[in-house]
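# Chains, contacts and geometry: an overview
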Amino acid sequence: MRDHFEVGRYDAAGRLGELTVPRAGVTVETPALLPVVNPHVQTIEPSTLASEFGAEILITNSYILHQSDDLREPAERQGLHELLDFPGAIMTDSGSFQLAEYGEIDVTTEEILAFQQEIGSDIGTPVDIPTPPDVARERAESELATTQERLEIADGVDTGEMLTTAPIQGSTYPNLRERAAEHAHGTDLDVFPVGAVVPLMNEYRYDDLADVVAACKRGLGEDAPVHLFGAGHPMMFAMAVALGCDLFDSAAYALYARDGRYLTVRGTEHLDDMEYFPCSCPVCVEYEPADLRAMDDQRGEDLLARHNLHVTYGEIRTIKQAIRDGDLMELVDSRARAHPTMLDGYRTLLDHAEQLETTDRIAKDTVFHTSTESARRPEVVRHHQRLDRFDLSGSILLTEGERDEGYDESWQVTPPFGPYPREMSDAYPFTAEVPERLAPQAYETAADGVARLAECNPDATFTLAQFEWPESALARVPDSVTVRHLGED
């Protein structure tokens, strides 16, 4: 059990946690954002990240420092915290990004970990092999084997109080990702980045990203803090957190500003195309788009970067509150409407609803059924699983209407949950707010619940009394169940 990470509250696989970083003497509340700081070009100074944005942790690149004629000696002499003037925790990357970009780097895992420890990094990273998506399986397996060898080397390095990461590779092969995660979790390493996923995000392949993260989570224990490497757009944070990611590192705030791009939780706007700022951050309250366009390039870029960072931190806070309130899935549902590929990602996330259910809280406030996808939520999956616990006999009425004394038992049936004992009508999740005009999928899911209950209780006779279920739902009701139309009674 890793005692440096403690989970306080769950919603789906999303969680509020505390990551203790002993070398920095700080505890970081998760989910957390790690702004990427380029040691040569600091768009926003690290001290400002702490004072203005509340940054508790950031990430910089130790390989750049290691190779720099200008910065290596000051980093070794002063240490990272003094060099960057940052009071929180500092994580360092190892150069694997440069390896992915340029094909080789001039450092070993032992050397870079020793350097990271020497310059005062609080969380260090070994040199893994970032295998891109869609490569041949043979290559993915070969490079994963190399990464695993390096993790074992890292596991044997004495880094003192510095935490060390165990990057998880495996390309777009879920079984390789799961196997890699199991291997990483079996080491004594501390933080678990999901690596080489930036190409998926750049190509808006959020469905593949959801499968990759879900596979990694299957191989990790709940004591493992999960870092989604390179995830910087706030549009996808809620989905990633619901899948179980705890840490995000973002250079997007600076890179997008350099290109005149304005981040929102619903996507990206180009400053040149904007007449109004749809935001209440300090930048957007004080200035209008025309003001930034009229400024010199550097000043406008700095302000745009500040906005981008404000909206990014704002989304992290929104997600934390959603987890606390128990409505993270409603937030994910809302964010999924930002882009068709985000909706693909959300639907893929729900393919793993049974996995998410294992950590989802058993009681929350009211569920809001807000979309077709709501019928596939973990709460519905859990209820259907628990139908197996009932041992019924005699005649059972499953009805959308009132109790009928002509049956031995009378259960309520409500889409999308399906059948449940009438005595549970005021209990979570059956207090859900459901629209009157439901999509067919909600009725179909309820019919699956009827079928499961009937299958588990072959000695009972069931009657389903419904108002106007669509034919697609009634077709899923077993022939052994008598179907009545309440409107004809």
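Please refer to the structure higher up on the page.
Attention in this report is confined to the structure presented alongside it. One numbering rule holds for all chains: residues counted from 1, following each sequence as written. Local features are withheld for residues below a pLDDT of 70 in this predicted model, meaning they are given only at 70 or higher, and side-chain atom pairs are given and counted only at 80 or more; totals for whole chains, interfaces and linings count all residues. Heavy atoms from the whole structure form the basis of all side-chain values; hydrogens and water molecules are not counted.

### Regarding the overall build of the protein
Heads up, the rule is: Under the DSSP-based scheme used, a helix requires at least four consecutive residues in state H or I and a strand at least two consecutive residues in state E, with every element numbered from the N terminus. Note that the radius of gyration is over C-alpha atoms, with the globule rule given as 2.2 Å times the number of residues to the power 0.38. In this scheme, a residue with accessible area under 20% of its type's maximum is buried, one over 50% is exposed, and one in between is partly exposed, where area comes from a 1.4 Å probe on protein chains only. Throughout, a residue-residue contact means that at least one pair of heavy atoms, one from each residue, lies within 4.5 Å. All accessibility values rest on the Shrake-Rupley procedure with a 1.4 Å probe; residue burial counts only the protein chains present in the view. Charge counting treats Lys and Arg as positive and Asp and Glu as negative, with His and both chain ends excluded. By convention, the point assigned to a charge is CZ for Arg, NZ for Lys, CD for Glu and CG for Asp.
Per the secondary structure count, the protein includes 21 helices and 18 strands. A compact globule built from 489 residues would reach a C-alpha radius of gyration of about 23 Å, and the protein, at 26 Å, matches this within 12%. Overall size of the protein, expressed as C-alpha extent along the three principal axes, is 85 × 55 × 40 Å. Classification of the 489 residues of the protein by burial places 57% in the buried group. Taking as baseline every contact in the protein between residues at least 6 positions apart, the subset at least 24 positions apart corresponds to 67%. Surface exposure of the protein reaches about 20,700 Å², of which carbon and sulfur atoms provide 44%. Between the averaged position of the 39 positive side-chain charges in the protein and that of its 90 negative side-chain charges there is a distance of 2 Å.

### Section: the sheet that holds strand 1 (residues 5-11)
Operational definition: By definition, two strands form a pair when at least two bridges between them are found by DSSP. An axis is simply a line fitted to the C-alpha atoms; with a helix, the fit covers only the stretch in contact. Between two such axes, the angle follows the N-to-C directions and lies from 0 to 180 degrees.
Taken in spatial order, the three strands line up as 1-2-3 in an open sheet, and their pairing is antiparallel. The sheet is open, and its two edges are formed by strand 1 and strand 3 (26-30), each paired on a single side. With direction set aside, neighbouring strand axes in the sheet form an average angle of 15 degrees. Pairing of strand 1 with strand 2 (residues 14-21) involves six bridges; the strand directions are antiparallel. The partner of Val-7 across the bridge, within strand 2, is Gly-17.

### Remarks on the pattern of salt bridges
Pairs can form between side chains of opposite charge whenever their charged atoms are close. To keep things clear, this is the line we draw: By definition here, a salt bridge exists when the distance from a side-chain nitrogen of Lys or Arg to a carboxyl oxygen of Asp or Glu is within 4 Å.
Under the defined criterion, the tally for this structure stands at 30 salt bridges. Two residues, Asp-388 and Arg-452, come together in a salt bridge whose shortest N-O distance is 2.8 Å. Placement of Asp-388 in the loop between helix 19 (378-386) and strand 14 (394-399) and of Arg-452 in helix 20 (residues 440-456) is noted, with a sequence separation of 64 residues between them. Residues joined in a network through salt bridges with shared partners are Asp-11, Glu-330, Glu-357, Asp-360, Lys-364, Arg-377, Glu-379 and Arg-382.

### Here we look at helix 6 (residues 109-118)
Put simply, the test is: Think of the arc as the fan of directions from the helix axis to the C-beta atoms.
Among all positions of helix 6, only Thr-109, Ile-112, Leu-113, Phe-115 and Gln-116 are buried. Down the axis of helix 6, the buried set is contained in an arc of 160 degrees. They therefore lie on one face. Next to the buried residues of helix 6 lie helix 2 (62-67), helix 3 (72-78), strand 6 (89-93), strand 7 (123-124), helix 7 (137-155) and strand 8 (163-164). Downstream of helix 6 by a residue or two, Gly-120 has a phi angle that is positive, lying close to 90 degrees.

### So, the sheet that holds strand 14
Reading across from one edge, 16-15-14-17-18 is the order of the five strands in this open sheet, with mixed pairing throughout. Looking along the sheet, the strands with just one partner apiece sit at the ends: strand 16 (418-421) and strand 18 (482-485). On average, each strand axis in the sheet is inclined to that of its neighbour by 30 degrees, with strand direction left out of account. Examined bridge by bridge, strand 15 (residues 409-414) and strand 16 share four bridges and lie antiparallel to one another. Residue Trp-411 lies in a different strand from strand 16, and its bridge partner there is Pro-421. Here helix 20 sits on the sheet in contact with strand 14, strand 15, strand 16 and strand 17 (460-466), set at roughly 55 degrees to strand 16.

### A word on the nonpolar core
Where we set the bar: Joining through side-chain atoms within 4.5 Å is the link that ties buried Ala, Val, Leu, Ile, Met, Phe, Trp, Tyr and Cys residues into a set, and such a set is a nonpolar core.
In this structure, Leu-209, Leu-228, Met-236, Met-239, Phe-248, Leu-328 and Leu-349 are the most contacted members of the largest nonpolar core, which totals 99 residues. It is helix 15 (residues 297-325) that provides the largest number of residues to this core, a total of nine residues. Discounting residues that sit within four places of it in the chain, Leu-349 has contacts with Ala-210, Met-239, Ala-242, Leu-243, Met-329 and Leu-356. Residues Leu-392, Val-413, Leu-438 and Ala-454 belong to the second largest nonpolar core, which totals 21 residues.

### As for helix 1 (residues 46-53)
Listing the buried residues of helix 1 in full gives Pro-46, Thr-48, Leu-49 and Phe-53. Relative to the axis of helix 1, the buried residues are bounded by an arc of 155 degrees and lie together on one face. Where helix 1 is buried, its residues contact strand 4 (32-37), strand 5 (57-61), helix 4 (80-84) and helix 15. Of the residues flanking the end of helix 1, it is Gly-54, one or two places downstream, whose phi is positive at about 75 degrees.

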